[in-house]
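These are the residues of each chain, in order.
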Amino acid sequence: MAYTITHECVGCSVCMRVCPVDAIVGKPKERHRIVPEICIDCGACGRICPYTSVKNPEGRVCERIRIRSRWPKPVFDYQRCMGCTICVDTCPTACIDLKADRGTRETLRYPVLKTVRNCIGCAFCMLECPVDAVKMDQLAG
């Protein structure tokens with residue numbers, strides 16, 4: 001089941017701008033709707049909605065995190081990471097990239113949060129990591 005938008009929606013379109021897969025449709029100043037066949041359940045729409053008019057798949061109203069820089073971001077444990085690229089491949093906003101350790105091609109490449117402002121805090125990277133090398137946390141700064 002996908003996220004849903006309630007009757008409290010005023011059509012501000014903030015959710016449409018943050019959705020990484022364009023699953024939200026609607027006209028300005030009219031109630032928007034989430035297309036369940038497109039929604040990937042990332043939760044960005046619920047975190048951004050200023051009117052708390054988004055419900056999660058369990059039917060609970062999502063908690064708004066007003067300042068986007070306070071959304072949780074991935075933090076990588078390089079002692080556990082095996083450089084498999086699953087976190088890179090699963091990221092819907094392509095904000096994770098691989099960086100060579102110590103800059104050489106012979107060493108493992110490790111994930112880094114390349115574009116912090118594009119991260120939507122979906123935690124897909126953490127959920128898919130086979131060695132639990134990703135945790136979600138609020139970054140300083």
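Residues numbered from 1 in each chain as written. Predicted model: local features only at pLDDT ≥ 70, side-chain atom pairs only at ≥ 80, totals over all residues. Heavy atoms only, no water.

## Here we look at the overall build of the chain
What the chain contains, in helices and strands, is 4 helices and 8 strands. Counting only C-alpha atoms, the chain reaches 55 × 30 × 25 Å along its principal axes. When burial is assessed residue by residue, the chain has 38% of its 141 residues classed as buried. Taking as baseline every contact in the chain between residues at least 6 positions apart, the subset at least 24 positions apart corresponds to 55%. Carbon and sulfur atoms provide 50% of the accessible area of the chain, an area that totals close to 8600 Å². With 21 positive and 15 negative side-chain charges, the chain shows a separation of 8 Å between the mean positions of the two kinds. (Helix = DSSP H or I, 4+ residues; strand = E, 2+ residues; numbered from the N terminus. Buried < 20%, exposed > 50% of the residue type's maximum accessible area, 1.4 Å probe, protein only. Contact = heavy atoms within 4.5 Å. Areas by Shrake-Rupley, 256 points an atom, 1.4 Å probe, with all protein chains shown as cover. Lys, Arg positive; Asp, Glu negative; His and termini not counted. Charge placed at Lys NZ, Arg CZ, Asp CG, Glu CD.)

## Observations concerning unusual backbone geometry
The phi dihedral of Asp 22 is positive, around 55°, even though this residue is not glycine. Here Asp 22 shows up in the loop between helix H1 (14-18) and strand S2 (24-25). Its identity as a non-glycine residue notwithstanding, Asp 41 has a phi of 60°, on the positive side. Inspection of the secondary structure puts Asp 41 in the loop between strand S3 (33-34) and helix H2 (44-48).

## Here's the deal with empty space enclosed by the protein
Evaluation of the coordinates by the stated rule reveals 4 cavities of 30 Å³ or more. What the largest cavity holds in volume is close to 90 Å³. Taken together, 15 residues line the largest cavity, and the ones lying closest to its centre are Cys 81, Cys 84, Cys 87, Cys 129 and Val 134. (1 Å grid on protein atoms, 1.4 Å probe; cavity = no way out; pocket = protein on both sides within 12 Å on 5 of 7 lines; lining within 4 Å. Points joined across faces, edges and corners; volume = space filled by probe spheres on them.)

## Digging into the pattern of salt bridges
As enumerated under the stated definition, the model contains 1 salt bridge in all. Between Asp 77 and Arg 80 there is a salt bridge, with the nearest N and O atoms lying 3.9 Å from each other. For Asp 77, a relative accessible area of 31% corresponds to the partly exposed category. Assessed through its relative accessible area of 47%, Arg 80 is described here as partly exposed. (Salt bridge = Lys/Arg side-chain N within 4 Å of Asp/Glu carboxyl O.)

## A look at the packing of aromatic side chains
On inspection of all chains with the given rule, the structure shows 2 aromatic pairs. Here Phe 76 and Tyr 78 contribute two aromatic rings whose centre-to-centre distance is 6.4 Å and whose plane-to-plane angle is 25°, an arrangement assigned as stacked. Look at Tyr 78 and you get partly exposed, because its relative accessible area is 37%. With a centroid separation of 5.5 Å and an interplanar angle of 70°, the aromatic rings of Tyr 78 and Tyr 110 are classed as edge-to-face. One end of the pair, Tyr 78, is in the loop between strand S5 (73-76) and helix H3 (86-90); the other, Tyr 110, is in strand S7 (residues 109-113), with 32 residues separating them in the sequence. Grouping aromatic residues by their ring pairs yields a cluster made of Phe 76, Tyr 78 and Tyr 110. (Phe/Tyr/Trp six-rings, centres within 6.5 Å; stacked < 30°, edge-to-face > 60°.)

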